[in-house]
Amino acid sequence: MSGSEGGAASLHPETRLVHAGTLRSQFGETSEALFLTQGHVYDSAEQCEARFLNKDPGFQYARFSNPTVTMLEQRMAAFEGAEACRATATGMAAVTAAVMGLVRAGDHVVAAQALFGSCRYVVEEHLPRYGVASTLVNGPDIEAWRKAVRPNTKVFFLESPSNPTLEVIDIAAVAAIAKEVGARLVVDNVFATPLFQRPLELGADIVVYSATKHIDGQGRCLGGLLLASEELIQTEIQTYLRQTGPAMSPFNAWVMLKALETLPLRVRRQAQSAAVIADWLAGQEKLSKVIFPGHKNHPQAATIAKQMSGPSTLIAFEVASGKDAAFRLLNAMKLIRISNNLGDAKSLIVHPATTTHQRFTPEVRASMGVTDGMIRLSIGLEHPDDLIADIKQALATV
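## With respect to the side chain of serine 210
Within the fold, serine 210 resides in strand β6 (residues 206-210). Polar side-chain contacts of serine 210 include one of 2.9 Å to the side chain of lysine 213. In contact with serine 210, not counting residues within four places along its chain, are Gly91, Val190 and Gly223.

As structure tokens, this is what we get:
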């Protein structure tokens, strides 16, 4: 196969998402090739040995690497401005690998309390099984991070904006504390998308994505991505991935590769529509709160202005009269569909308290800002006027 093309850092992000990381076979295909193979053959036993010793470049086994997956990793690294990227089967596989790869029994993790339910599970319930303690803090309170540090703190973990409350954390400030105490900062950047926020430039050590969301963006495939320096991945992450096997399938990688070509077009359009819809929602009397990272009245507006180049495609809002009213609104939707996914071409809506965060007690949900009346709305590619009309008729039932 011929080498990668178009990887120059001077190219604009849109160009890198079309060309970076491309590997061509001897057939000279225009579109990236899909290599559906479990393994690879070697010219000799000596070459096979050298390949496993990492002395001979090339592929060995799909659990370790694959040409199509490698193209996705290289393209995403070029887009993110990272030295290296590793693809995983799901977003949660990327989160788990990032955190588990950095800790050992006896270590301590500090995490923001406003997290996706599965992320809190990893921090609160999974890590302690292996002797790793954790402390949850109010993410925007920077001093809370410092106060939570112990001598054995090895990892800081956060989402910004958070799921589903769209809470935003000053990444550079948290990164500075992490470096001061010798901890690594892992940032889940899904809600900001790689287009609107660049955590590595703000001091994060690892960035993770559920590629299932905006990167695929069309409701087809699961996937995760983990980005960091080459040294960090090789010393802390690579062996974990190789031995535990959360590998992305080549087919899913191919789908993600093609989706990256249109990511800027899709996400910018979704964010523009989200801003229009959030403005309209802010004027509705039946809603007690509207949270959108593009609004000047967002609780962390100053931080957003400093570290995000655009808003999210997500809106959170609260129906004043609680769960029953929220359910009536969801059930009355005709165009917007009820689904716990997000970042899709189709607009999707969900009630977090009974889905993504249902396993938590009411007290824990309250501490995270997830109320019984809260609704998470993911804006798709439909015309914003049609989405507003759908929400308007649904609100009439509340």
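## Quick word on the packing of aromatic side chains
Summed over the entire model, instances satisfying the criterion amount to four aromatic pairs. An aromatic cluster is built from Phe52, Tyr61 and Phe64, whose rings are joined through pairwise contacts. Sitting over the ring of phenylalanine 360, arginine 120 keeps its end group 5.2 Å from the ring centre.

## Points about helix α11 (residues 250-260)
Taken across its 11 residues, α11 has eight buried, putting it largely inside the fold. Every buried residue of α11 is listed here: Pro250, Asn252, Ala253, Val255, Met256, Leu257, Ala259 and Leu260. If you follow the buried residues of α11, they end up packed against α1 (13-19), α3 (67-80), α9 (212-216) and α12 (263-281).

## Examining the environment of leucine 335
Mapping leucine 335 onto the fold places it in the loop between α14 (323-332) and β10 (337-338). Of the residues examined, leucine 335 reaches a relative accessible area of 37% and is grouped as partly exposed. Along the chain, leucine 335 and glycine 117 lie 218 residues apart, while their C-alpha atoms are 27 Å from each other. Apart from residues no more than four positions distant in its own chain, leucine 335 is found in contact with Asp386, Leu387 and Asp390.

## A look at the pattern of salt bridges
Per the stated rule, a full pass over the model turns up 17 salt bridges. In this structure, arginine 86 engages glutamate 230 in a salt bridge whose closest nitrogen and oxygen atoms are separated by 3.7 Å. Of this pair, arginine 86 sits in strand β1 (residues 84-88) while glutamate 230 sits in helix α10 (residues 230-244); the two residues are 144 residues apart in sequence, bridging distant segments of the chain. For arginine 86, a relative accessible area of 15% gives the class buried. On the basis of relative accessible area, glutamate 230 is assigned to the partly exposed category, the value being 30%. A salt bridge links aspartate 107 to lysine 154; the nearest nitrogen and oxygen atoms lie 3.7 Å apart. Within this pair, whereas aspartate 107 is found in the loop between α4 (91-100) and β2 (108-112), its partner lysine 154 is found in strand β4 (residues 153-159), the two being separated by 47 residues in sequence. Among the residues examined, aspartate 107 registers a relative accessible area of 11% and is labelled buried. Here the residues in one salt-bridge network are Glu32, Arg75, Lys258 and Glu261, joined through shared partners.

About the thresholds
Each chain carries its own residue numbering, running from 1 in the direction its sequence is written. Residues qualify for local features only when their pLDDT is at least 70, as the model is predicted, and side-chain atom pairs are given and counted only at 80 or more; totals for whole chains, interfaces and linings, by contrast, use all residues. As a rule here, side-chain values come from all non-hydrogen atoms in the structure, and water together with hydrogens is ignored. Working definition: helices are DSSP H or I runs of at least four residues, strands are E runs of at least two. Numbering for both runs from the N terminus. Think of a polar contact as two N or O atoms within 3.5 Å of one another; within protein, one of them needs to be a possible hydrogen donor and the other a possible acceptor, and neighboring residues in sequence only count if both atoms come from side chains. Note on definitions: a residue-residue contact is assigned when non-hydrogen atoms from the two residues lie within 4.5 Å. Pairing of aromatic side chains requires ring centres within 6.5 Å, counting the rings of Phe and Tyr and the six-membered ring of Trp. Pairs whose planes differ by under 30 degrees are stacked, by over 60 edge-to-face, and all others tilted. Two limits define a charge over a ring: the Lys NZ or Arg CZ must be within 6 Å of the ring centre, and within 35 degrees of the ring normal. Burial classes: relative accessible area under 20% of the type maximum marks a residue as buried, over 50% as exposed, and values in between as partly exposed (1.4 Å probe, protein chains only). Every case where a carboxyl oxygen of Asp or Glu lies within 4 Å of a side-chain nitrogen of Lys or Arg is listed as a salt bridge.

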